[in-house]
Each structure stands twice: as structure tokens, then as C-alpha cells.
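Chain by chain, the residues:
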Amino acid sequence: MTSVLFLQILLVPGCHPADQAERHSSKTTGSDAQPTSACADQAIENPSTKSAPLSFYFRDITNSCGIRFIHTDGSSGRRYVIEPMSAGLLLFDYDNDGWIDIYFLNGAPLPGYTGPPSPRNHLYRNLGEWRFVDTTEEAGVGDTGYGLGVAAADYDNDGDEDIYINNFGPNVFYRNNGDGTFTNVTQQTGTANGEKMGAGVCFLDIDRDGWVDLYVGNYIHFTFDLHISRTINGVPSYPGPLDYTAIPDTLYHNQRDGTFADISEASGIAQLAGTTMGMVAGDFDNDGDDDIFICNDVRENFLLINDGSGHFDEAAILRGVAYDASGSPQASMGVDCADLNRDGWLDLFMTSYQNETVTFYRNLGKALFEDATAVTGAGAGSYPYVTWGVVLADFDNDGDKDVFIACGHLDDNVELRDRSTSYRAKNIVLMNQGDGQFVNVSAQSGDGLQVAKSSRGAAGDDLDNDGRIDIVVLNSREAPTILRNETPTPYNWMELILEGRTSNRSAIGARVKVVAGNLVQYDEVHSGRGYQSDWGRRLHFGLREHREAQLIEVTWPSGRIDRWSHVPANRIIKLVEGEATWFPVQPVRPNTISPRK
């Protein structure tokens, strides 16, 4: 199939296009591309005359953006264990027009359900200027299964991202046809995964062969015949994971011919029975291949260390991420990773249950971690609530990753037995002070942080292409929350789209270093993160007052290292593996877009 690319090239005044596109070229020596830009001195700059913001500002624009999605958990009052686990969401550019689109997972009718008929997943195409249109029907992605987790990647290396949905029951794999439509290739790929209760999912290239593989989380062994009724202090409550049998996850290897092979046994995954929820893959030991962190609900977490061939060794206890600082397992929900202290090592930030704070696992180097929650203030505000989605992103472009946390209880009647918490809760945002400390600024961060729902998945991306990361939250049994980031920051930014050639096309696993003056940042391309969600294929870097990045260095999964120099700020840049040029790109302008018929 052929990918339809709608990205337009941004022509900077005074620069001349080559081959009908602006190309910033340089010489390439060996495996290192080291371009210098002919137009670097014409970088766009935001004057940095103001001080850094003391809080963020998120505005709730849910009712004005055209999104009409309503989530259902399929419940009827019987309190099946599956109900509160739905669901995650996906932010990605499915039609390559430069605007980030939104895909919401939905639940499905369970026994006794009497709600609206035929709930399904929904895809919303971003038209720009905060306008979205429902393209579920025409795209062909309205799965009616019980959705739990989702991730996207270009599994067939044809230039557009495909979708994998982890359900309760058979999973679904949608191939992107490159024309705004998708084809269900679940049977063709061999990835249905049986009648399991799903969880998070991620794509990664486990053996660096240039094709993404697929890790599928499985929560517990559950059927309706195994349903258990529970009460707490006489009040009906949901059963927990320890009421059921833990089961192993599933790992599929990409066979490069449109099919996948189940290698759970050979990879070592099948020997590990857990209660998987969220997950994230990243190169935590900086050895060139992606490892996987697994949230296990009320059990020790897993840290799967990749030996480079696609075989994994579980090392969470040895590496310090199995338990919290007190040595206790948590009700681990979601997890994201980022270099929170800019030391070149990916840290982990995990959500959890009521009367447990979130956990910040700080990477001390080579995937050895410490629980730094208490000493950094990372747990501020989270103790009374059940926490789910988590997004690590630089919300004010000051060069440090901040934290967004989605909150909400499982039990809609929890206040009858516990007045210290609530079913609906306000979400939390923590500001990274840049000195190893976090501050809870939720109360000062706009009307979007005053919304109280029972939230589940959360995802962050630049939905309006203004250089500030916005937030989308899926709320259980209600409409989502769409938060526009209007933080009045004076700082500059840069967003990078990576395209692999020898490496997988989505560049998943690529490691990026950006140097702007004395500000050095690292990030990595991921697929699957947070609470059973996925976002962030376009990497975002806040640059403070710097007008350009003096150096961008990409270490691709293939092992190749490319470098570009003097790349101007405040624009979206495309970097292609092995190309000695960088391309500033601009999305199709909103007034040229109309919904597809």
C-alpha cells in the first residue's frame, strides 16, 4: 500500500528550495550525518524577556471542539472486575496531514447491561483550529469489542501507522491503507490472542531487525462464570486481581511478511505470570535495545531486560522497581518514562491506588533505580485517590518534563464507606522545578484542572501545533476531557518527526539528544505508555530562550548515528535515517481541509 503524505514544506524567507523542497544539507562521513543549515541564522524566536511561568494554564475545550464520544463500561450493577479497567486512548496522525488525531476505546455490553445499544470505539480526525470530526465509519475502525489497551506503529513499514487494540476477548489489528481507511488484518497477522482479558500493549523492535514486534499485556484469567461478589464495610465493591489467577503476557515477532509468530516461550515471557496493566518499553540501560517495564496490579512489577536478541530476563527486584520504598507491592496502574533530571537515563513514573502515592523511580544509571518519590515531592496530592493515566511532558517549554496524572476511583459508591476519597476527582499536574523537585500546581493551572471525573487513560500531544503539549483524558462512563495548553510561556520549542529507513519506519526505539546552549536533553521514541494508551511519536523539546538547537543527534535502532547542527526553533522538523538533510514541515492549513466523504 501507498502512504498519502499531506505534510507541506515550510519555506523560510531567503532560503531557496532544492528539488521542490527546502533541504538543509551537509556532508556525511561514515555512519554519521553532520548537516549544517543554510538557514539556521533565520530561526524563529520567541523573545524571552519574561520570567518562567509559576504554573500552567489548561483550558477545558471539550464542549466546543466537536467531540461527542461517550464512554461506557458495559456495567449493570453486577460489578464485574473488568468494568473499571476500561480504557486507554491513542493520539496519532493517522492520515499524515500533520495534525494529531484521537482514537477513543470503548467498553461493550456485559451481562445485564441496559444502556445505549452498540457502543464502539471512535476515531476523530483533527481538522485544525480545535475542530474534530468523527471519521469512525469511513475509516472502518469502529470495533465493538470490549476495549482496554491500544498502541500504534507502522508494522509493515509502508509509511503510515497501524492500530492494535487489546480487548477482553479477541483483539483487533487494523492495517492503515494510507487513504484514510483501515483493514482488519487480525486473522491474517495471527494476533487475536484468544479469549483473554487484555491490558496495555506496546510495539518495539526486540531484535533490531527493522520491523516492529508486538508485546500484548494480559491482566488475569477471567470469565463471567468466575465472577466474585465483594463488599467492603457492607458496601458493594469490585473484586480485585488477587481474587483471580495471574497469567503470562504474549509476545509476537514480526515475520516481515504481514504475519506475526508467538514467541512467548522462546523469549522467556511465558514463564512470567502477572497481573499486567500499563507498560512502557524503553532502553533503560542504554545498551542499544529496548527493555520493557510492566505494571502488575497488587503484585511485584516486572522489568524485562532485553539481551539484544529478543530474549528477556526479569530483573525488577534486582533493579529496584518491583516494589515501593517500603518494600510493598502497589496496585500499579499506568507508567510513563522520560529523563526527568536530564542525566541521560530514562526514569519511570508510575500511578497506583488510593492510600498509595504515585511512584517516581529514578534511574541511577544502567537500569538501577531508586524510589525517589518522597525526596522529590513527586507524590504530592495523589495519596487519597486512585491514579491511572500519567503523561510526562514539558508543559511550559523550560526544558524539564512535567507530570500530568489522571484520577478517579473504581467504585461509584466509595463515598458510602470512605469519605477520604471520591469516585470523581480532579486530575493532578506537577511542575518540574529543574532542581530535582516537583510542585503540585493543579489549583493554579486553569479551569481544565478543576474538572472532576473518574478518569482512566490520559495522553499528551501538540493538538494545535503551537508548540505546547495538550492533554486528552478518557473518563469512565462519561465524555472525555480535552485540555488546551494555554500556558503563557516565553520559551522556544522544537518538535521532531523521525523516519527510519534501515530501522523500523516509525523509528520506535530511536534515541535523541538535543543540545541548545547549556541545555542538553534526551528522549526516545515509544509506542504504548501510560494507562494502556499511546501517544507522542512526534518528540517535543522545550528549548528555554535558545533560538536553535546547536546539535541534534539520533541513535537509530539500527545502530546508525546521524547528527544535524544549527536547527532553528519553533517549528516541526522531519529527520530521516541516513539523510544528510533536515526538513522543516508544516501541517496542511485548516482552511484547506474538509471532512472526507
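It should be emphasised that the depicted structure is a prediction, and the values quoted were computed from it without experimental measurement.

### Let's talk about the environment of Asp-97
Here is step 1: With respect to the helices and strands, Asp-97 occurs in the loop between β6 (89-92) and β7 (101-104).
Here is step 2: On the basis of relative accessibility, which here comes to 1%, the residue Asp-97 falls in the buried class.
Here is step 3: Between the alpha carbons of Asp-97 and Pro-587 there is a distance of 5.8 Å; along the sequence they are 490 residues apart.
Here is step 4: At 3.0 Å, the side chain of Asp-97 forms a polar contact with the backbone nitrogen of Trp-99.

### Side note on the sheet that holds strand β21 (residues 260-262)
Here is step 1: Read across the sheet, four strands follow the order β14-β15-β20-β21 without closing on themselves; strand pairing throughout is antiparallel. Sheet topology places β14 (198-204) and β21 at the edges, where each strand pairs with a single neighbour. Neighbour-to-neighbour, the strand axes of this sheet turn through a mean angle of 20 degrees, independent of strand direction.
Here is step 2: Sheet topology note: the strand β15 (residues 213-218)/strand β20 (residues 250-254) ladder contains three bridges and is antiparallel. Pairing of Tyr-215 across the sheet is with Leu-251, part of β20.

### Some points on the pattern of salt bridges
Here is step 1: Inspection of the entire model under this criterion finds 28 salt bridges.
Here is step 2: The salt bridge involving Asp-562 is made with Arg-560; its shortest N-O contact spans 2.6 Å.
Here is step 3: Since its relative accessible area comes to 21%, Arg-560 is described here as partly exposed.
Here is step 4: A network of salt bridges, in which partner residues are shared, links Asp-73, Arg-79, Asp-411, Asp-412, Arg-417 and Arg-477.

### What about the pairing of strand β34 (residues 428-432)?
Here is step 1: With five of five residues buried, β34 lies mostly within the body of the structure.
Here is step 2: Burial along β34 is two-sided: Ile-428, Leu-430 and Asn-432 and Val-429 and Met-431, pointing in opposite directions, are all buried.
Here is step 3: Bridge count between strand β32 (residues 402-407) and β34: three bridges; the pairing is antiparallel. Each bridged residue has a counterpart across the sheet, and for Val-403 the counterpart in β34 is Leu-430.
Here is step 4: Turn length for the β34-strand β35 (residues 438-440) hairpin, with the two strands adjacent in sequence and antiparallel, is five residues, and the turn residue Gly-434 shows positive phi of about 85 degrees.

### Details of the pairing of strand β25 (residues 302-306)
Here is step 1: Of all five residues in β25, five are buried, a share of seventy percent or more.
Here is step 2: Side chains of β25 alternate between two faces, with Phe-302, Leu-304 and Asn-306 and Leu-303 and Ile-305 buried alike.
Here is step 3: Pairing between strand β24 (residues 291-296) and β25: three bridges, direction antiparallel. Across the sheet, the residue bridging to Ile-294 is Phe-302, located in β25.

### What to know about the packing of aromatic side chains
Here is step 1: As enumerated under the stated definition, the model contains 25 aromatic pairs in all.
Here is step 2: On the basis of an interplanar angle of 65 degrees and a centroid distance of 6.4 Å, the ring pair of Tyr-80 and Phe-222 is categorised as edge-to-face. Of the two residues, Tyr-80 is situated in the loop between β5 (58-60) and β6 and Phe-222 in the loop between β16 (220-221) and β17 (230-232); the sequence distance between them amounts to 142 residues.
Here is step 3: The interplanar angle of 55 degrees and the centroid separation of 6.1 Å between the aromatic rings of Phe-173 and Phe-203 together place this pair among those described as tilted. Of this pair, Phe-173 sits in strand β12 (residues 172-176) while Phe-203 sits in strand β14, and the two are 30 residues apart along the sequence. Here the two residues Phe-173 and Phe-203 agree in accessibility, since each one is buried.
Here is step 4: Among the aromatic side chains, those forming a connected cluster through ring pairs are Tyr-80, Tyr-146, Phe-168, Phe-222, Phe-224 and Tyr-244.
Here is step 5: Seen from the ring of Tyr-238, Arg-79 lies directly overhead, with NZ or CZ sitting 5.3 Å from the centre.
Here is step 6: Of note, Arg-456 hangs over the ring of Trp-388, and the distance from its end group to the ring centre comes to 4.2 Å.

What counts and how
- Residues numbered from 1 in each chain as written.
- Predicted model: local features only at pLDDT ≥ 70, side-chain atom pairs only at ≥ 80, totals over all residues.
- Heavy atoms only, no water.
- Helix = DSSP H or I, 4+ residues; strand = E, 2+ residues; numbered from the N terminus.
- Buried < 20%, exposed > 50% of the residue type's maximum accessible area, 1.4 Å probe, protein only.
- Polar contact = N/O pair within 3.5 Å; in protein donor to acceptor, adjacent residues only side chain to side chain.
- Pairing = 2+ DSSP bridges.
- Axes fitted to C-alpha atoms, helices over the stretch in contact; angles between N-to-C directions.
- Salt bridge = Lys/Arg side-chain N within 4 Å of Asp/Glu carboxyl O.
- Phe/Tyr/Trp six-rings, centres within 6.5 Å; stacked < 30°, edge-to-face > 60°.
- Lys NZ or Arg CZ within 6 Å of the ring centre and 35° of its normal.

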